[in-house]
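# Fold and contact review
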Amino acid sequence: MTKPIIGFIGLGLMGANMVENLQTRGFELVVYGRNQKAVADVIDRGNASAVGTPREVAEASDIVMLCVTTSEVVESLIYGDDGILTGIKDGAVVIDFGTSIPASTRKIGADLAEKGAGMIDAPLGRSPVHARDGLLNIMAAGDKATFDKVKPVLDQQGENVFYLGTLGAGHTTKLINNFMSMTTACVMSQAFAMADRTGIDRGLLYDIMSAGPSNSPMMAFCKNYAVDGVSDLGFSINNANKDLSYFLKLAEDMGTRAIIAEGTSNNLQAAANAGLGDGNVPEIFNYFMTLER
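Predicted model, so just to flag it, every value in this text is computed and none were measured.

It is worth spelling out the overall build of the chain at this point. Within the chain, the secondary structure is distributed over 14 helices and 9 strands. On C-alpha atoms alone, the chain measures out to a radius of gyration of 20 Å, which is about the 19 Å that the 2.2 N^0.38 rule sets for 293 residues. Taking the principal axes of the C-alpha coordinates as reference, the chain spans close to 65 × 45 × 35 Å. Here the chain holds 293 residues, and 51% of them are scored as buried. When the accessible surface of the chain is split by element, carbon and sulfur atoms take 53% of a total near 13,100 Å². Put simply, the chain has 23 plus and 33 minus side-chain charges, and the middle of one group is 2 Å from the middle of the other.

Next up, the structure:
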C-alpha cells in the first residue's frame with residue numbers, strides 16, 4: 001500500500017483538511033459527502049472523484065477513511081443498504097478517525113473481517129490546521145498487521161502516530177482523554193465564574209493559578225474566553241456532551257461508575273439545553289455565570 005486509493009467520508013472542518021493534506025501528498029481520493037461545496041473543493045484540486053453512496057466508496061478504495069460525528073453515523077455508513085459493508089474489497093481497510101463507542105467499533109471490525117477486510121480505530125488530537133499540515137496526533141488500534149499495512153499513510157497525516165493495541169483501544173483512549181480535558185474545561189470555567197461573583201479579577205486568578213501545578217493548555221483556552229473574550233478552542237459543547245455520554249457508556253460496559261464524569265456530563269447537557277451547544281467548550285463559562293441557587 002505505498003500509494004493506495006483512499007476513500008474518504010466526512011468532509012467537515014477536520015475531514016476536509018485531512019483530504020487536502022492527502023491530495024497535497026499525491027494520493028488519489030474517492031469522496032462521498034452531503035456538503036457539495038466541500039466535495040467540489042476536493043474535485044477542483046484534482047486527482048479525485050466523487051461518488052453517490054458509501055458502497056461506491058468502498059468498491060473503489062483500498063483504504064476507506066471515516067471522519068464523522070457519532071457511532072450512529074458510522075454504523076449507518078457501514079450497515080446501510082448501500083453501505084460500506086456491501087462494497088468493501090477483500091484486503092481493504094476501514095479507518096474510523098471519529099470518536100466512537102468502543103463496543104460498536106469492535107462489532108464493526110468483526111463484521112468487516114468476515115468480508116476479508118480490516119479495521120483500525122484512529123481518533124485524532126489537535127486541530128484542523130494540524131490536519132491540513134499532516135501534524136495530527138493519531139491514537140490507532142487494531143490488528144497489528146493491519147496497522148502496519150496502513151501506517152505509511154497515517155504517517156502522512158500525523159506527526160505522532162500511537163499504536164495502542166487491539167481494536168477499540170484507540171476510541172477508549174480518546175474517550176478517557178476527552179473526559180479529562182472536558183472536566184478540566186468545566187472546572188476552570190466555573191472557577192472563573194466564581195471569581196467574578198466574589199469580586200476577584202478573572203485575569204489575576206489566571207495569573208495565580210497558571211503559576212502553579214494547575215496550569216495546562218486547557219486552562220489557557222478557558223482563560224482566553226473568560227478573560228479575553230476569544231473563543232479559540234475548535235470543539236463544541238455538543239461534541240463534548242456526546243463524548244462524555246460515550247465515556248459514561250464505556251464505564252457502564254466496564255461494570256463501574258464514573259461519578260466525576262457524570263457531573264461533567266450534567267453540566268455539558270445543561271449548557272446545551274440552555275442553547276449554548278454550538279459554542280466552543282470554554283463558552284460554558286456563560287452557563288456558569290447564569291446559575292442561580
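Moving on to the side chain of Asn 137. Relative to the elements of secondary structure, Asn 137 occurs in strand 8 (residues 136-140). Within the structure, the side chain of Asn 137 is placed 2.8 Å from the side chain of Asn 160, a separation counted as a polar contact. Apart from the residues lying within four places of it in its own chain, the contact partners of Asn 137 are Pro 123, Leu 124, Gly 125, Arg 126 and Asn 160.

This part covers the sheet that holds strand 9 (residues 158-163). Taken in spatial order, the 3 strands make up an open sheet running 7-8-9, and their pairing is mixed. Looking at strand neighbours, the two that pair on one side only are strand 7 (124-125) and strand 9, the edges of this open sheet. In the sheet, strand 8 pairs with strand 9 via 5 bridges, with the strands oriented parallel. Across the sheet, Ile 138 pairs through a bridge with Val 161, a residue of strand 9. Taken strand by strand, helix 8 (residues 144-157) contacts strand 8 and strand 9, and its axis lies near 165° from that of strand 9.

Here we have 6 strands laid out as an open sheet, ordered 3-2-1-4-5-6, and parallel in their pairing. Among the strands making up the open sheet, the edge pair consists of strand 3 (48-50) and strand 6 (118-121). Across the sheet, the mean angle from the axis of one strand to that of its neighbour is 20°, orientation sign disregarded. Pairing geometry for strand 1 (residues 6-9) and strand 2 (residues 29-32), over 4 bridges, is parallel. Bridging from a neighbouring strand, Gly 7 pairs with Val 30 of strand 2. Across the face of the sheet, helix 6 (residues 102-113) comes into contact with strand 5 (93-96) and strand 6 while running at roughly 160° to strand 6.

Parameters at a glance
- Residues numbered from 1 in each chain as written.
- Predicted model: local features only at pLDDT ≥ 70, side-chain atom pairs only at ≥ 80, totals over all residues.
- Heavy atoms only, no water.
- Helix = DSSP H or I, 4+ residues; strand = E, 2+ residues; numbered from the N terminus.
- Rg over C-alpha atoms; globule rule 2.2 N^0.38 Å.
- Buried < 20%, exposed > 50% of the residue type's maximum accessible area, 1.4 Å probe, protein only.
- Areas by Shrake-Rupley, 256 points an atom, 1.4 Å probe, with all protein chains shown as cover.
- Lys, Arg positive; Asp, Glu negative; His and termini not counted.
- Charge placed at Lys NZ, Arg CZ, Asp CG, Glu CD.
- Polar contact = N/O pair within 3.5 Å; in protein donor to acceptor, adjacent residues only side chain to side chain.
- Contact = heavy atoms within 4.5 Å.
- Pairing = 2+ DSSP bridges.
- Axes fitted to C-alpha atoms, helices over the stretch in contact; angles between N-to-C directions.

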